Amino acid sequence: MNANELMIHNYVSFEGHPVCITKIGLTGIEGYLYKNDTLYDVKLKHEDIEPIPITEELLLKNGFNKEVESFFGEAISLPYYRLTLSEEVYVLAFFYKDGEFRNKYCVRNKNKLYNADISHLHQLQNLCNIAGVELELNIGKI
């Protein structure tokens, strides 16, 4: 992974275990690794870490609700995931595989809408950060 993709508090994976980044350097990162119900301080090279794919399980575990929106009457039903943080703040995730909404994420914060086509957790964290939305995550074991 490239250092320019990462921000402090992003989650990445090292050998299948989640790492919360606390420091980003030119050649590596520092963070907390969660393994066997224990947190460890780690220093890792950029080439040793992997992005964490966003899955339905990850979204549901973190408070997203699965909903379905119907279009053109009942002809097309688009499933999506919604995390409502307040009346004016929410995060939407679309996984419509056969259409243009594949891996589309939207973050609304006080009448401003931010969206991006992403597939990894650190990208969603960065989109929320740009939108000024604090996203609390429960990662546990990947």
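For the structure itself, consult the block above.
Values in this document were obtained by computation on a predicted structure and should not be read as measured data. (Residues numbered from 1 in each chain as written. Predicted model: local features only at pLDDT ≥ 70, side-chain atom pairs only at ≥ 80, totals over all residues. Heavy atoms only, no water.)

S.K.: Quick rundown of the overall build of the chain? Include the residues and the values.
M.R.: Per the secondary structure count, the chain includes two helices and nine strands. Every one of the 142 residues in the chain was classed for burial, and the buried ones make up 37%. Considering only intrachain contacts with a sequence separation of at least 6, the fraction spanning at least 24 residues in the chain is 30%. Split by element, the accessible area of the chain, about 8800 Å² in all, is 48% carbon and sulfur. (Helix = DSSP H or I, 4+ residues; strand = E, 2+ residues; numbered from the N terminus. Buried < 20%, exposed > 50% of the residue type's maximum accessible area, 1.4 Å probe, protein only. Contact = heavy atoms within 4.5 Å. Areas by Shrake-Rupley, 256 points an atom, 1.4 Å probe, with all protein chains shown as cover.)

S.K.: Please provide a residue-by-residue account of the nonpolar core, values included.
M.R.: In this structure, V91, Y105, V107, L121, L124 and C128 are the most contacted members of the largest nonpolar core, which totals 23 residues. Listed by contribution, the elements that provide at least two residues to this core are α1 (56-61), β6 (76-84), β7 (89-94), β8 (104-109) and α2 (121-131). Take this core: its biggest share by element is five residues, from α2. The next biggest cluster of nonpolar side chains, apart from the first, holds 10 residues, and it includes I29, L33, V42 and L44. (Core = buried A, V, L, I, M, F, W, Y, C linked by side-chain atoms within 4.5 Å.)

S.K.: Outline the environment of V12, listing residues and values.
M.R.: Structurally, the position occupied by V12 is in strand β1 (residues 11-14). The spacing of V12 and I49 is 37 residues in sequence and 6.5 Å in space, taken between C-alpha atoms. For V12, the contacting residues outside a window of four places in its chain are M1, L6, H17, P18, V19, I21, I29, I49, E50 and I52.

S.K.: Break down the packing of aromatic side chains for me, citing the residues and quoting the values.
M.R.: Note on aromatic pairs: each is described by the distance of the centres and the angle between the planes. Per the counting criterion, the structure on display carries zero aromatic pairs. The ring centre of Y90 lies 4.2 Å from the NZ or CZ of R82, which sits over that ring. (Phe/Tyr/Trp six-rings, centres within 6.5 Å; stacked < 30°, edge-to-face > 60°. Lys NZ or Arg CZ within 6 Å of the ring centre and 35° of its normal.)

S.K.: Lay out the pairing of strand β3 (residues 28-35) in plain terms, naming residues and giving numbers.
M.R.: Across five bridges, the pairing between strand β2 (residues 17-24) and β3 is antiparallel. From the neighbouring strand, K23 faces β3, where its bridge partner is E30. With eight bridges joining them, β3 and strand β4 (residues 38-45) adopt antiparallel strand pairing. Its bridge partner lying in β4, G31 is registered against V42. (Pairing = 2+ DSSP bridges.)

S.K.: Now, about the sheet that holds β1: what can you tell me, with residues and values included?
M.R.: The sheet built from four strands is open, its strands ordered β1-β2-β3-β4 with antiparallel pairing. With one partner strand each, in any of the chains shown, β1 and β4 form the two edges of the open sheet. Averaged over all pairs of adjacent strands, the angle between strand axes in this sheet comes to 40 degrees, irrespective of strand direction. (Axes fitted to C-alpha atoms, helices over the stretch in contact; angles between N-to-C directions.)

S.K.: So what about unusual backbone geometry? Which residues, and what values?
M.R.: Phi at N36 takes a positive value of approximately 50 degrees, unusual for a residue other than glycine. Topologically, N36 is positioned in the loop between β3 and β4. In this structure N36 comes out as exposed when scored by relative accessible area, which is 61%. Its identity as a non-glycine residue notwithstanding, N111 has a phi of 70 degrees, on the positive side. Summarising the element assignment, N111 is placed in the loop between β8 and β9 (112-117).

S.K.: I'd like a rundown of the pattern of salt bridges, residues and numbers included.
M.R.: According to the stated counting rule, one finds one salt bridge in the structure shown. Across the pair K66 and E56 runs a salt bridge, and its minimum N-O distance is 3.4 Å. Linking K66 in strand β5 (residues 65-71) with E56 in helix α1, this pair joins segments that are 10 residues apart in sequence. Assessed through its relative accessible area of 35%, E56 is described here as partly exposed. (Salt bridge = Lys/Arg side-chain N within 4 Å of Asp/Glu carboxyl O.)

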